[in-house]
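# Descriptive analysis of the structure
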Amino acid sequence: MSFIASYTKRWLLYIVTFFLLFASILLVSDYFHERKFRIEALNESLDNYVKITRSYLNSNEVIESAGYARLDSLVSLISNDAIRLTVIDDSGKVLYDSEFESYGQMENHLYRPEIQQALAKSYGTNIRVSASTSIKYYYYAKKYPAYFIRVSTEYDKDARRFIKPDRLFLLMVILGLLLATFIVLLVTDNYGKSIHTLREFTLKATTNKPIDEKLRFPDNELGDIGQEIIEIYQSLNKNKEELLSEKSKLIRHLNLLDEGIAIFSKDMQVITSNNHFIQFINHISDNRVFTADAFSRIPDFKPIVGFVKKFLRENGDDLTDMQPTYEITILKNGRYFSVKCIVFPDKSFEVSVNDVSKQTKRKVLKQQITENIAHELKTPVSSIKGFLETILEGNTDRERTADYLRRAYSQSCRLADLINDISILTKIEEAASLYQVEEVDLDELIHDIAGENQPMLDANDISLEVKITPGLSINGNYGLLYSIFRNLFDNAIHHAGKGITIHVENYTQDQDFHYFSFYDSGAGAPEADLPRLFERFYRVDKGRDRKKGGTGLGLAIVKNAIQFHKGDVSVRNRNDGGLEFLFTLAKDIRSNL
């Protein structure tokens, strides 16, 4: 019951405060409105005296004859002792004043406030004490072409009472306030119990406390509404629990997916997203992002955002039977991302991002490999076939037959090298686990390769500098490590030119890796070709490179073999000339780097 009493008091306070505020505003407004009306009435009364004076001046030619004393007769006719009449010329000189006999000696009135107002808007008013008579007047002055006529009345109790508004309206407002307060007390007492019960319900609902099933409202209109509110709340609360359960399942499912998924509202605000979505849009974005809704500001997603906005703009609110989709592929930083968008009937939409780099690259790579292998096999097979066909025709002498057989043998060796290189690459990519890992002495391996290539080095006047730490070894695959350095040697010998120097060095190391530099002092390669040197079958000068031998797979094998050993490789032109390969090799590829 204390709450009901408190509630009644509060409502009483609210109503009284409201009516006081309303009455204050109404009274102030009425005060200024009525005061303005009464001032205008006073001005109109004084303006009548001005008009009478103006008519008198014109009919008696007072201004032309300067007979201002004749105005005394006019003043005597005005049966109002409180009226003071003054005539002032346009320079401010007093020509006549009914209250001051020596008006010719009065000071200049040009800068009196009412005269200044009359100059600005044809008439002016002011309330002040007269400097001539020391009496407080209400002044009214009006401007004519050559003079001012000023009529004033003493600002006494009668004048103030005339201007001051009536207080009857205030009494009516107070009476209305008291009546409204009485009515409010009757109404609030009737509904106090219903509001108390509703308040008890809302307190429990906002704090997630259980609602008493026996909670009942009084039998009135507000009680009926409150009972319906409780029933609706209980139904909504049950649905909310079911939705939270389903949402929890959905979030767990989303986080288990390999693709990034985010659901947005029509205002581009994120509703839910998984961790992969943030990860993928960070790969695509040039700047670091931390929230899913940042995707709409990433330029690469502009087609998706444009699709959503255009669709919602063109289809309005009727999306009941529509679930439009849109799909793009983004290539960023060497990775392919498939981005799909679907718009739901409630104008929310889902964006999914899937990293399809492996699938896309594998598909492109297999297509390129098939095309390149077919192209590379065509030349040696055609040559061998041509030489054998010529020999079988029997139209060649012994010496030419031997020459054709040597050429066919050379092409078959090239064909065998090509098949062997393709086999190495395929095994690295598809069956890397089959390679045996053992301790390999790199210092010994590099010197063995240098010895195998010594005849070619001497034939091309190539000097060799090897700065490998004695006994340097790693845990890796001997065959692939051999392929790395052998192909780098072959590349320098066949393409760098004669009279050069080949330099091999392990220039530093850290806890996990050895760092190598392999360079020559030859001609180097065009800058435009550097990013493609590790591509399969790529040749800087395709015609000359094929004549020099090689399968076009050497540097591709180098890159894949280095990656097998958990390293990285890059290539650049040296300032002093020549091509330099910088790469790392893990000390032990079996460790979890």
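Reading the values: the criteria
- Residues numbered from 1 in each chain as written.
- Predicted model: local features only at pLDDT ≥ 70, side-chain atom pairs only at ≥ 80, totals over all residues.
- Heavy atoms only, no water.
- Helix = DSSP H or I, 4+ residues; strand = E, 2+ residues; numbered from the N terminus.
- Buried < 20%, exposed > 50% of the residue type's maximum accessible area, 1.4 Å probe, protein only.
- Contact = heavy atoms within 4.5 Å.
- Areas by Shrake-Rupley, 256 points an atom, 1.4 Å probe, with all protein chains shown as cover.
- Phe/Tyr/Trp six-rings, centres within 6.5 Å; stacked < 30°, edge-to-face > 60°.
- Lys NZ or Arg CZ within 6 Å of the ring centre and 35° of its normal.
- Lys, Arg positive; Asp, Glu negative; His and termini not counted.
- Salt bridge = Lys/Arg side-chain N within 4 Å of Asp/Glu carboxyl O.
- Polar contact = N/O pair within 3.5 Å; in protein donor to acceptor, adjacent residues only side chain to side chain.
- Core = buried A, V, L, I, M, F, W, Y, C linked by side-chain atoms within 4.5 Å.
- Pairing = 2+ DSSP bridges.
- Axes fitted to C-alpha atoms, helices over the stretch in contact; angles between N-to-C directions.
- Parallel < 35°, antiparallel > 145°, perpendicular 65-115°, else oblique.
- Left-handed = near helix turned anticlockwise from the far one by under 90°.
- Nonpolar A, V, L, I, M, F, W, Y, C, P; charged D, E, K, R; others polar.
- Patch = residues over 30% accessible without salt bridge, like charges linked within 9 Å, V, L, I, M, F, W, Y side chains within 5 Å.
- Charge placed at Lys NZ, Arg CZ, Asp CG, Glu CD.

## Quick word on the overall build of the chain
Each helix and strand counted, the chain has 16 helices and 17 strands in total. For the chain, the residues scored as buried account for 39% of the 593 residues in total. A fraction of 57% describes how many contacts in the chain between residues 6 or more apart in sequence connect residues 24 or more apart. Here the chain displays about 35200 Å² of accessible surface, and carbon together with sulfur accounts for 53% of that area.

## A short note on the packing of aromatic side chains
Using the criterion set out here, one finds 19 aromatic pairs in the structure. Aromatic pair F264 and F349: ring centres 5.3 Å apart, planes at 20°, arrangement stacked. With a gap of 85 residues between them, F264 in strand 6 (residues 260-264) and F349 in strand 10 (residues 349-355) connect regions that are remote in the sequence. With respect to class, F264 is no different from F349; both count as buried. Three or more aromatic residues joined by ring pairs make a cluster, and in this case those are F264, F277, F295, F301 and F349. Above the plane of the ring of Y519 lies R574, whose end atom (NZ or CZ) is 3.9 Å from the centre.

## As for the side chain of D293
With respect to the element layout, D293 can be found in the loop between helix 8 (275-284) and helix 9 (302-315). R297 provides the closest opposite charge to the buried, salt-bridge-free D293, at an N-O distance of 4.7 Å. At a separation of 2.6 Å, a polar atom in the side chain of D293 contacts the side chain of T291. When near neighbours in sequence (up to four residues on either side) are disregarded, D293 contacts F264, M268, Q269 and V270.

## As for unusual backbone geometry
Not every positive phi belongs to a glycine, and E61 is a case in point at roughly 45°. Considering the arrangement of structural elements, one finds E61 in the loop between helix 1 (2-59) and helix 2 (62-65). We note that A66 has phi near 55°; this positive angle belongs to a residue other than glycine. Of note, A66 is situated in the loop between helix 2 and helix 3 (71-77).

## Describing the pattern of salt bridges
Evaluated as defined, the whole model comprises 14 salt bridges. A salt bridge links D97 to R84; the shortest N-O distance between them is 2.9 Å. With D97 in strand 2 (residues 94-97) and R84 in strand 1 (residues 83-89), the pair connects residues that are 13 residues apart, well separated along the chain. Accessibility classification places D97 together with R84 in one group, the buried group. Two residues, E114 and R128, come together in a salt bridge whose shortest N-O distance is 2.6 Å. Of this pair, E114 sits in helix 4 (residues 113-121) while R128 is found in strand 3 (residues 123-129), placing the two residues 14 residues apart along the sequence.

## Considerations on the side chain of T153
With respect to the helices and strands, the residue T153 is situated in strand 5 (residues 147-154). When its relative accessible area of 11% is taken as the criterion, T153 is described as buried. Beyond its immediate chain neighbours, meaning those up to four positions away, T153 contacts A82, I83, K136, Y137 and Y138.

## Overview of the nonpolar core
Residues L442, I484, F485, I502, F518, F583 and L585 are the most contacted members of the largest nonpolar core, which totals 44 residues. Elements supplying a minimum of two residues to this core: helix 12 (442-452), helix 14 (478-495), strand 14 (501-509), strand 15 (513-520), helix 16 (554-564) and strand 17 (579-586). Residue contributions to this core peak at eight residues, all from helix 14. Among all residues touching F583, those that are not within four sequence positions of it are I484, F485, L488, H514, Y515, F516, F518, I562, D568 and V569. Listed in part, the 29 residues of the second largest apolar core include I278, I284, V305 and V339.

## Describing the sheet that holds strand 7 (residues 270-273)
Consider a sheet: its strands pair through backbone hydrogen bonds, and that pairing is either parallel or antiparallel. Judged by pairing direction, the sheet is antiparallel, and its five strands sit side by side in the order 7-6-10-9-8 without closing on themselves. Only two strands of the sheet have a single partner each, and these edge strands are strand 7 and strand 8 (325-332). Taking the axes of each pair of neighbouring strands and ignoring which way they run, one obtains an average angle of 20° across the sheet. Examined bridge by bridge, strand 6 and strand 10 share five bridges and lie antiparallel to one another. If you follow G260 over to strand 10, its bridge partner there is V353. This element, helix 9, spans strand 8, strand 9 (335-343) and strand 10 of the sheet and lies at about 10° to strand 9.

## Considerations on the sheet that holds strand 12 (residues 463-467)
Taken in spatial order, the five strands line up as 12-14-15-17-16 in an open sheet, and their pairing is mixed. What marks the edges here is a single partner per strand, and that holds for strand 12 and strand 16 (569-573). The mean angle between the axes of side-by-side strands here comes to 15°, regardless of whether they run parallel or antiparallel. This element, helix 12, spans strand 12, strand 14, strand 15 and strand 17 of the sheet and lies at about 175° to strand 12.

## Remarks on the packing of helix 12 against helix 14
At a minimum axis separation of 10 Å, helix 12 and helix 14 run at an interaxial angle of 45°. Classed by the angle they form, the pair helix 12 and helix 14 counts as oblique. Remark: the crossing between helix 12 and helix 14 carries right-handed chirality. Along the contact surface, helix 12 presents L442, L445, I446, I449 and E452, while helix 14 presents Y478, L481, Y482, F485, R486 and F489. Residues of the contact of helix 12 with helix 14, tallied by class, amount to nine nonpolar, no polar and two charged.

## Examining a negative patch on the surface
Residues E221, D224, E228 and E231 make up a contiguous surface patch of negative charge. With respect to the helices and strands, E221 occurs in helix 7 (residues 221-256). Residue classification places E221 among the exposed positions, given a relative accessible area of 53%.

## A word on the pairing of strand 2
Pairing analysis gives three bridges linking strand 1 to strand 2, with the strands arranged antiparallel. Considered in strand 2, the bridge of T86 is made with D97. Turn length for the strand 1-strand 2 hairpin, with the two strands adjacent in sequence and antiparallel, is four residues, and the turn residue G92 shows positive phi of about 100°.

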